[in-house]
Amino acid sequence: MARKEHDVNRSARSGRFVKQTTAEREPKTTATEHVGAGAGDREVHRSTSTGRFVTKTTAELHPATTETQHV
């Protein structure tokens, strides 16, 4: 199943997804990412509870509460 290309917005403070209207209202504290259409070659790890990026070591120590993404 092919992934649909689209943009997502994240709060730079919390790492959580935010609405497009929030991104427009607070551009200095929001990051927009382009996702989809095949996995990239870079691997990143995120905390499932906060949405923030974590190190590979943290992901290995806490596999139940982290997720790995290919971007």
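Our subject in this report is the structure included herewith. (Residues numbered from 1 in each chain as written. Predicted model: local features only at pLDDT ≥ 70, side-chain atom pairs only at ≥ 80, totals over all residues. Heavy atoms only, no water.)

With that settled, the discussion passes to the overall build of the protein. Scanning the protein for helices and strands turns up 2 helices and 6 strands. Scanning the protein from its N terminus toward the C terminus, one meets helices and strands in the order β-β-α-β-β-β-α-β. Sorting the 71 residues of the protein into buried and exposed places 23% on the buried side. Counting contacts in the protein only where the partners sit at least 6 residues apart, residues at least 24 apart contribute 46% of the total. For the protein, the computed accessible surface area is about 5500 Å², with 53% contributed by carbon and sulfur atoms. (Helix = DSSP H or I, 4+ residues; strand = E, 2+ residues; numbered from the N terminus. Buried < 20%, exposed > 50% of the residue type's maximum accessible area, 1.4 Å probe, protein only. Contact = heavy atoms within 4.5 Å. Areas by Shrake-Rupley, 256 points an atom, 1.4 Å probe, with all protein chains shown as cover.)

The strand order β5-β4-β6 describes an open sheet built from 3 strands, whose pairing is antiparallel. The outermost strands of the open sheet, each flanked by one partner alone, are β5 (53–54) and β6 (66–70). (Pairing = 2+ DSSP bridges.)

Further remarks concern the pairing of strand β4 (residues 43–47). β4 sits mainly inside the fold: 4 of its 5 residues count as buried. Pairing between β4 and β6: 5 bridges, direction antiparallel. The residue bridging His 45 from the neighbouring strand is Thr 68, located in β6. Examined bridge by bridge, β4 and β5 share 2 bridges and lie antiparallel to one another. Residue pairing in the sheet places His 45 in a bridge with Val 54 of β5. The turn linking β4 back onto β5 is made up of 5 residues, and Gly 51 within it adopts a positive phi angle of 85°.

This paragraph deals with the sheet that holds strand β2 (residues 17–18). Overall, antiparallel pairing links the 3 strands, which are arranged β2-β1-β3 in an open sheet. In this open sheet, the two strands that pair with only one neighbour each are β2 and β3 (30–35).

All told, the structure shown has 0 aromatic pairs when counted by the stated rule. The ring of Phe 53 is capped by Arg 46, whose NZ or CZ atom sits 3.8 Å from the centre of that ring. (Phe/Tyr/Trp six-rings, centres within 6.5 Å; stacked < 30°, edge-to-face > 60°. Lys NZ or Arg CZ within 6 Å of the ring centre and 35° of its normal.)

Looking at the secondary structure, you find Thr 29 in the loop between α1 (20–25) and β3. Residue Thr 29 is classed as buried on the basis of its relative accessible area, which comes to 19%. Not counting residues within four places of it along the chain, the set of residues in contact with Thr 29 comprises Arg 10, Ser 11, Ala 12 and Arg 13.

Function cannot be read off these values alone, since they describe shape.
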